[in-house]
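Each chain is listed here by its residues.
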Amino acid sequence: MAEAGADLIRRMAARDGAAFASFYDRYSPLAYGLILRIVGDRTDAADVLQEVFWEAWQAAASYDPARGTPEAWVVIRARARAIDRVRALRRRSRTFVEPVDEVSSDAAADPSGDVAERAVARTTVGSALGALPEAQREVIELAYWQGLTQTEIAERLKQPLGTVKTRMRLGLERLRAIVGGQGA
Amino acid sequence: MTHEPFDTEAAAYALGALEGEQLARFETHLAEGCARCLAALREAGDMAVVLAADAAPAVPPTAVREALLRRVAAEASPARRQAESARWWTSWATAAAAAVLVAALGGLFVQGRYEPRLAALGRETAALKEELERQARALGQRQADAAIAQMLRDPATRVLTLRGAGPIPTAEARLLWQQEAGGWLVVTNLPPAGAGNAYELWTISGGRPTPAGVFNVDASGRATHRVEPVAQAVDVFAVTVEPEAGVAAPTGPIVLASR
Ligand SMILES: [Zn+2]
């Protein structure tokens with residue numbers, strides 16, 4: 001499966017349109033589900049999806065199997081573009097609708113951090129993340145689904161940056177162990 | 001030898017959570033070809049895939065696929081473009097058909113002699129119309145093609161019904177058809193063809209099937225498929241299940257057929 005995906009990307013690099021169609025059919029449901037979850041709106045998600053696969057077509061020649069599987073290549077790109085979109089929408093709403101930074105105002109309005117809690121509450125029971133202690137899961141979810149940097153997470157959670165880095169590291173190490181276990 | 005902080009930064013890098021100097025330092029280190037970090041990056045990528053599993057995969061709007069294939073076709077290498085043109089015609093035309101069919105079903109182009117026919121089509125495919133409207137909206141309706149609109153008004157246009165055959169008796173399709181101009185196949189109630197498969201349309205003349213393109217249905221079992229004109233008069237239109245790349249002669253079961 002992974003090899004076939006890499007082969008499709010190689011053919012895309014040689015400007016093979018049929019390979020692109022197969023590549024899209026194989027990976028678009030995964031990418032679209034991910035994008036939809038991050039941006040929340042179907043029209044925005046469809047735009048982002050098109051952007052992601054157009055980029056994949058353009059960047060096919062630079063795909064390096066040493067850096068990851070085709071699936072990871074798509075997922076990382078999809079996630080990054082979806083988060084770009086969310087941030088752009090946030091900026092726009094700040095500029096034209098809301099003069100206040102709604103992220104920090106959310107956090108300020110509710111010191112218990114309801115935004116973070118909502119992100120955590122969405123976690124599907126039984127997922128790999130579910131196996132992590134809540135504090136570790138929380139920082140990983142804020143980074144993964146909301147695209148916050150470690151500094152932003154520290155601000156959001158009102159925790160020292162060092163604590164956030166440690167939690168992320170421990171959580172990711174544990175996830176790596178889970179992934180490694182699945183891959184065996 | 002101190003390899004920190006790179007050991008733990010690979011994962012944060014894959015999550016896009018590195019910033020500033022930390023990010024620049026890690027990318028420089030990667031560019032130097034550190035095998036250990038490449039391995040860590042691969043693992044981080046696998047983690048990103050595992051995390052993505054928290055979101056259920058979703059079927060994207062068909063308009064995205066069509067728009068992408070149209071853009072890609074414009075860039076694909078000429079030799080391949082020629083060889084694979086049969087696969088690519090869907091890319092330019094579906095959007096136009098969507099807009100046009102919306103207009104037609106909405107009554108804008110209905111002429112007296114086609115009113116009963118189109119009204120019936122409209123009644124039977126109200127859900128399809130909604131889908132097409134959604135697609136047309138998504139594309140800003142800028143792709144509307146007057147030539148295809150005329151097809152719907154043209155007395156020479158035939159509206160054929162394809163009925164579910166074999167394994168999927170509830171499937172149904174309409175074909176707007178002119179031998180010289182080609183036409184449009186509008187499918188409803190067809191389940192997904194399955195992993196690695198697609199539906200392939202055939203024009204059958206004198207008992208000989210000719211490929212007329214591969215298509216897939218969306219989550220609600222619908223598809224709109226452009227059909228190229230053919231040289232010979234067509235006796236039967238049929239749809240079979242085939243490998244997604246399409247085949248030159250039918251191998252799978254017939255799921256839709258005219259007559
Ligand atoms: Zn290293």
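Look up a bit, the structure's there.
Keep in mind that what you see is a predicted model, and the values were worked out from it rather than measured.

**A few points about the overall build of chain B**
Broken down by element type, chain B carries nine helices and eight strands. Of the contacts made within chain B by residues no fewer than 6 positions apart, 62% connect residues no fewer than 24 positions apart. Working note: accessible area of chain B is about 11,800 Å², and carbon and sulfur atoms make up 54% of it.

**Re the overall build of chain A**
Across its full length, chain A carries nine helices and zero strands. Reading chain A from its N terminus to its C terminus gives the helix and strand order α-α-α-α-α-α-α-α-α. Within chain A, buried positions represent 50% of all 184 residues. For chain A, the exposed area adds up to about 8,400 Å²; of that, 52% sits on carbon and sulfur atoms.

**Here we look at the sheet that holds strand 5 (residues 208-215) of chain B**
All names here are of chain B. Reading across from one edge, 5-4-7-8-1-2-3-6 is the order of the eight strands in this open sheet, with antiparallel pairing throughout. Unpaired on one side and paired on the other, strand 5 and strand 6 (223-227) mark the two borders of the sheet. Ignoring strand direction, the axes of neighbouring strands in this sheet form an average angle of 25 degrees. As paired strands, strand 3 (residues 182-188) and strand 6 are joined by five bridges and run antiparallel to one another. Across the sheet, the residue bridging to tryptophan 184 is arginine 226, located in strand 6.

**Examining the packing of aromatic side chains**
Residues and elements named next belong to chain A. Scanning the model with the defined rule gives ten aromatic pairs over all chains in all. Note on phenylalanine 23 and tyrosine 27: the rings are 4.9 Å apart at their centroids and 55 degrees apart in plane angle, and the pair reads as tilted. Taken together, the residues phenylalanine 23 and tyrosine 27, both in helix 2 (residues 17-39) and four residues apart, mark about one turn of the helix. Among the residues examined, tyrosine 27 registers a relative accessible area of 5% and is labelled buried. On the numbers, 5.0 Å between centres and 85 degrees between planes, the contact of tyrosine 144 with tryptophan 145 is edge-to-face. A residue is classified by how much of its surface remains accessible, and tyrosine 144, at 1% relative accessible area, is buried. By relative accessible area, tryptophan 145 is classed as buried at 3%. Through a chain of ring-to-ring contacts, three or more aromatic side chains come together here, namely Phe23, Tyr24, Tyr27, Phe53, Tyr63 and Trp73. Positioned above the aromatic ring of tryptophan 73, the side-chain terminus of arginine 77 is 4.8 Å from the ring centre.

**Focus on the pattern of salt bridges**
Residues and elements named next belong to chain B. Enumeration over the complete set of coordinates arrives at 14 salt bridges over all chains. Ionic pairing is found between glutamate 172 and arginine 163, a salt bridge with its closest N-O pair at 2.8 Å. Where arginine 174 meets glutamate 172, a salt bridge forms, and the shortest distance between an N and an O atom there is 3.5 Å. Relative accessible area serves as the criterion here: at 12%, arginine 174 is assigned to the buried category.

**Brief notes about the interface of chain B and chain A**
Every contact between the two is made by 48 residues of chain B and, on the other side, 58 residues of chain A. Both faces considered, chain B and chain A share a buried interface measuring about 4,600 Å² in area, 65% of it formed by carbon and sulfur atoms. When the buried surface of chain B facing chain A is broken down by residue, Leu15(B), Leu51(B) and Asp54(B) rank first, second and third, together holding 15% of it. Connecting chain B to chain A are one salt bridge. Of the charged contacts, one joins Asp25(A) and Arg65(B) as a salt bridge, the two residues approaching to 2.7 Å between their closest N and O atoms. For the pair chain B and chain A, the interface holds six residue pairs in polar contact (both at pLDDT 80 or more). Of all the secondary structure elements, the ones that give two or more residues to the side of chain B that touches chain A are helix 1 (6-14), helix 2 (20-31), helix 3 (35-52), helix 4 (62-75) and helix 6 (85-105) of chain B.

**Overview of the nonpolar core**
Formed by 83 residues in total, the largest nonpolar core has its most connected members in Phe20(A), Phe23(A), Ile35(A), Phe53(A), Tyr144(A), Ile153(A) and Leu175(A). Among the elements that take part in this core, helix 2 of chain A stands out by supplying 14 residues, more than any other. Beyond its immediate sequence surroundings of up to four residues, Phe23(A) is in contact with Leu8(A), Ile9(A), Met12(A), Phe53(A), Ala56(A), Trp73(A) and Val74(A). Grouped together as the second largest cluster of nonpolar side chains are 24 residues, Ala171(B), Ala212(B), Val227(B) and Val241(B) included.

Cut-off values and rules
Residues numbered from 1 in each chain as written. Chains lettered and ligands numbered in written order. Predicted model: local features only at pLDDT ≥ 70, side-chain atom pairs only at ≥ 80, totals over all residues. Heavy atoms only, no water. Helix = DSSP H or I, 4+ residues; strand = E, 2+ residues; numbered from the N terminus. Contact = heavy atoms within 4.5 Å. Areas by Shrake-Rupley, 256 points an atom, 1.4 Å probe, with all protein chains shown as cover. Buried < 20%, exposed > 50% of the residue type's maximum accessible area, 1.4 Å probe, protein only. Pairing = 2+ DSSP bridges. Axes fitted to C-alpha atoms, helices over the stretch in contact; angles between N-to-C directions. Phe/Tyr/Trp six-rings, centres within 6.5 Å; stacked < 30°, edge-to-face > 60°. Lys NZ or Arg CZ within 6 Å of the ring centre and 35° of its normal. Salt bridge = Lys/Arg side-chain N within 4 Å of Asp/Glu carboxyl O. Buried area = accessible area lost by both parts, 1.4 Å probe. Polar contact = N/O pair within 3.5 Å; in protein donor to acceptor, adjacent residues only side chain to side chain. Core = buried A, V, L, I, M, F, W, Y, C linked by side-chain atoms within 4.5 Å.

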